[in-house]
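# Summary of structural features
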Amino acid sequence: ILNVEQSPQSLHVQEGDSTNFTCSFPSSNFYALHWYRWETAKSPEALFVMTLNGDEKKKGRISATLNTKEGYSYLYIKGSQPEDSATYLCAFLSGSARQLTFGSGTQLTVLP
Amino acid sequence: DAGITQSPRHKVTETGTPVTLRCHQTENHRYMYWYRQDPGHGLRLIHYSYGVKDTDKGEVSDGYSVSRSKTEDFLLTLESATSSQTSVYFCAISESIGGSAGELFFGEGSRLTVL
């Protein structure tokens, strides 16, 4: 079982604050790293799929970076809004696997 | 939205009874997955399929079996439900493994309660 860790487990920020959280994964045999956003009572939706060391992806106010050599990815949210409140999941795919291993998520609450 | 439907969406059953959850897709994606969601654990893979009649175990496969007789359908069966199998079950599909096409699309979830 691969170890994929996310920190912090939960986070409360004020509207307008920028925030970031971390996903750590094995640094060997890397193939891909996914980020998903999961709103309460809905299904997870993909934000980014990252495959190359040094990748930076951006979607609106949300961006992500990837460091495969040291085994971590950061997700950044600029100017958080209440609608950003959700659980953010990362998932790691190793070169020898056919399935993703998910972290347990970071639960973000943005207070108005 | 990806065409994935799960049924039933909610089910209450008793310990020891068999339960089958169905996942149906209209996207013709090769890969299909069953996950369970539990507090503190995020999503854990139960079983997955990489083609018709091709399936494999995931992290938490004990007590579950699957079948895929058609591209569009992936069934999850609990032969004899236990209270520890009370959970929300998500089906997911992907076009491929890895790369941008490896993105997962999730169904709406099936909430199962085993009394």
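Being a predicted model, the structure only gives us computed values, none of them experimental.

Residues and elements named next belong to chain A. By the definition in use, this model includes 2 disulfides over all chains. The disulfide partner of C23 is C90, and the S-S distance across this bridge is 2.0 Å. Because the sign of the S-S torsion sets the handedness, a value of about 75° for the bond joining C23 and C90 places this disulfide among the right-handed ones. With C23 in strand 3 (residues 19-24) and C90 in strand 9 (residues 86-94), the pair connects residues that are 67 residues apart, well separated along the chain. For the pair C23 and C90, one class covers both residues: buried.

Summed over the entire model, instances satisfying the criterion amount to 8 salt bridges over all chains. Where K42 of chain A meets E39 of chain A, a salt bridge forms, and the shortest distance between an N and an O atom there is 4.0 Å. According to the relative accessible area criterion, K42 of chain A is partly exposed, its value standing at 49%. With relative accessibility at 25%, the residue E39 of chain A sits in the partly exposed group. We note a salt bridge from K70 of chain B to D73 of chain B, for which the minimum N-O separation is 3.4 Å. If you follow the salt bridges from partner to partner, you end up with R37, E39 and K42 of chain A in one network.

Each value, and the rule that gives it
Residues numbered from 1 in each chain as written. Chains lettered and ligands numbered in written order. Predicted model: local features only at pLDDT ≥ 70, side-chain atom pairs only at ≥ 80, totals over all residues. Heavy atoms only, no water. Disulfide = S-S within 2.5 Å. Helix = DSSP H or I, 4+ residues; strand = E, 2+ residues; numbered from the N terminus. Buried < 20%, exposed > 50% of the residue type's maximum accessible area, 1.4 Å probe, protein only. Salt bridge = Lys/Arg side-chain N within 4 Å of Asp/Glu carboxyl O.

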